[in-house]
Amino acid sequence: MFFLLKYFPLLYIYSCVIVEFVINSFAAPSHLKEIQETKSTHRIVLDLVRRLCEKITEDPDDYERVSSILKRPLLLAAELGVCEVVEEIINAFPDAIWFTNEKNHNVFHLAVMNRREKVLQLIYDLRGRKHLLLLSEDVDKNNILHLAGKLAPKNQLNLIPSAALQMQRELQWFKEVEGMVQPDYKEEKNYNGETPGMVFTEEHKVLVKEGEKWMKDAATSCSVAAALVATVVFAAAITVPGDYNGKGQPIFQRLPPFTVFGISDAFSLFSSVAAIIMFLSVLTARYAEDDFYHSLPNRLILGLVMLFLSLTSLMVAFCSTIYLVFCEQREQWVLILVFASALLPISLFVYSQYPLLRDVFNSTYRPGIFGKQSIDEEKKCDRAREPNTVVEVEVVTG
């Protein structure tokens, strides 16, 4: 029985892994056929798009005809984020990257405005011509950083679960595009006399307020739970299980379960107090725009992790006390039932709070818009290629 108590947290983790494996094993065959059919349809559609592009561009000298056919599909694909269609059209007709709509928005602009990271990555990989695309402005004299400062479409924002994470994602997009352009773009003004930073602040005022409200509500609820755990474990620490001997020492102090109780109770107290401190720091933050980028999400992540550890330690301390009191009784099934029931609150906490913790963690620590390759690496590669590019231009000119 002590073995079960000692490895209580590990048993819970292993049981979760086994249950998830069994569920995925039974669910996979039912979806396998559907996935295969989807992939097959995707390949057929791409092959059709490729053949149509080849047919349309058989005569590349007929620029007007090719442009009239491919312009609308390319801009629509960039707006909707269908990067495969964008790639096929540009491969078949490279001059298509210069297509613009009635507001002079090119594929780069549309990808940024509609938050289509795959299309943006695809266009950004066009080594020599991407810088010319970045220089263009729309009819309102907005450069690409002004467009990144505008609020994302509702359909894109709704993909992110909370206002705080939506604000964080908007900041990530703005800073990513900011790293792509020249520093003087940050101070350029449009026809309304607004810099990109001013556009971002004006467009996101409501989202900042909503993100602040969501953060405070989440921190308040979690801090109440952490305070309750701290109260319980503090009371348990000064009223240890069992009685005292003539020297005022606990009679169970030499038993291993009592050591487990003391360690888990102390850890639960410390982690719950740490969680309270982190949630208080969230409540007392200034809630500026940049706070949503790393500061507030990091505090919320640490607070949730501390709260989970405190709750788990509380259950371990409780099971240790039950074992000390009832270990000599013959009804071992009662102890097993109590230990199994202790998993219930932990499971409920994981079920209710894990999606939030996962979303905040992924939004904060996942790779940027361009995946593993950062903007700085791209700029280094471009600088390394610049001398060769100059030589090639000189040779062609000569």
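Details of the structure are given in the entry above.
A.B. asks: What's the story with the overall build of the chain in this structure? I'm lost.
C.D. replies: Assigned secondary structure in the chain consists of 16 helices and zero strands. When the 398 residues of the chain are sorted by exposure, 38% land in the buried category. A separation of at least 24 residues holds for 77% of the contacts in the chain among residues at least 6 apart in sequence. Roughly 22,900 Å² of accessible area belongs to the chain as shown, and the carbon and sulfur atoms make up 62% of that amount.

A.B. asks: Is there a simple way to explain the side chain of Asp291 in this structure?
C.D. replies: Topologically, Asp291 is positioned in the loop between helix 13 (256–283) and helix 14 (295–326). Note on Asp291: relative accessible area 10%, which makes it buried. Here Ala288 takes part through its backbone nitrogen, which lies 3.1 Å from a polar atom of the side chain of Asp291.

A.B. asks: Please explain the nonpolar core as it appears in this structure.
C.D. replies: Soluble, globular proteins show a tendency: their nonpolar side chains are buried together. One finds Leu74, Val86, Phe108, Ile123, Val177, Met215 and Phe292 to be the most contacted residues of the largest nonpolar core, which totals 81 residues. When residues in this core are grouped by element, the largest group, twelve residues, is from helix 14. Each residue touching Val86, except ones within four places of it in the same chain, is listed here: Leu74, Ala77, Ala78, Val119, Leu122 and Ile123. Membership of the second largest hydrophobic core comes to five residues, among which are Val240, Phe258, Ala317 and Leu324.

A.B. asks: Which parts of the structure should I look at to understand the packing of helix 10 (residues 163–178) against helix 11 (residues 196–203)?
C.D. replies: When two helices pack together, their arrangement is given by the angle between their axes and by how far apart the axes lie. Where helix 10 meets helix 11, the axes come as close as 12 Å, and the angle between the chain directions of the two elements is 165°. By the angle between their axes, helix 10 is roughly antiparallel relative to helix 11. Classified by chirality, the crossing of helix 11 by helix 10 is right-handed. Counted together, Met167, Glu170, Leu171 and Phe174 of helix 10 and Pro196, Gly197 and Phe200 of helix 11 form the full contact between these two elements. By residue class, the composition of the contact of helix 10 with helix 11 is five nonpolar, one polar and one charged.

A.B. asks: Looking at this structure, how should I read the environment of Pro161?
C.D. replies: Relative to the helices and strands, Pro161 resides in the loop between helix 9 (154–157) and helix 10. For the pair Pro161 and Val360, spaced 199 residues apart in sequence, the C-alpha to C-alpha distance is 9.5 Å.

A.B. asks: I tried to follow the side chain of His109 on my own but got confused; where do I start?
C.D. replies: Relative to the assigned elements, His109 resides in helix 5 (residues 107–113). With a relative accessible area of 0%, His109 lands in the buried category. Separated by 3.4 Å, the side chains of His109 and Ser136 make a polar contact. In contact with His109, other than residues within four places in its own chain, are Asn104, Leu133, Ser136, Glu137, Ile144 and Leu147.

A.B. asks: Explanation requested: the packing of aromatic side chains in the structure shown.
C.D. replies: Both the distance between ring centres and the angle between the ring planes are used here to describe each pair of aromatic rings. What the rule picks out here adds up to five aromatic pairs. Measuring from ring centre to ring centre gives 6.1 Å for Tyr287 and Phe292, while their planes differ by 50°; the resulting arrangement is tilted. Across the pair, exposure class does not vary: Tyr287 and Phe292 are buried alike. In this structure, Lys175 is placed above the aromatic ring of Tyr293, and the distance from its NZ or CZ to the ring centre is 5.3 Å.

The rules behind these values
Residues numbered from 1 in each chain as written. Predicted model: local features only at pLDDT ≥ 70, side-chain atom pairs only at ≥ 80, totals over all residues. Heavy atoms only, no water. Helix = DSSP H or I, 4+ residues; strand = E, 2+ residues; numbered from the N terminus. Buried < 20%, exposed > 50% of the residue type's maximum accessible area, 1.4 Å probe, protein only. Contact = heavy atoms within 4.5 Å. Areas by Shrake-Rupley, 256 points an atom, 1.4 Å probe, with all protein chains shown as cover. Polar contact = N/O pair within 3.5 Å; in protein donor to acceptor, adjacent residues only side chain to side chain. Core = buried A, V, L, I, M, F, W, Y, C linked by side-chain atoms within 4.5 Å. Axes fitted to C-alpha atoms, helices over the stretch in contact; angles between N-to-C directions. Parallel < 35°, antiparallel > 145°, perpendicular 65-115°, else oblique. Left-handed = near helix turned anticlockwise from the far one by under 90°. Nonpolar A, V, L, I, M, F, W, Y, C, P; charged D, E, K, R; others polar. Phe/Tyr/Trp six-rings, centres within 6.5 Å; stacked < 30°, edge-to-face > 60°. Lys NZ or Arg CZ within 6 Å of the ring centre and 35° of its normal.

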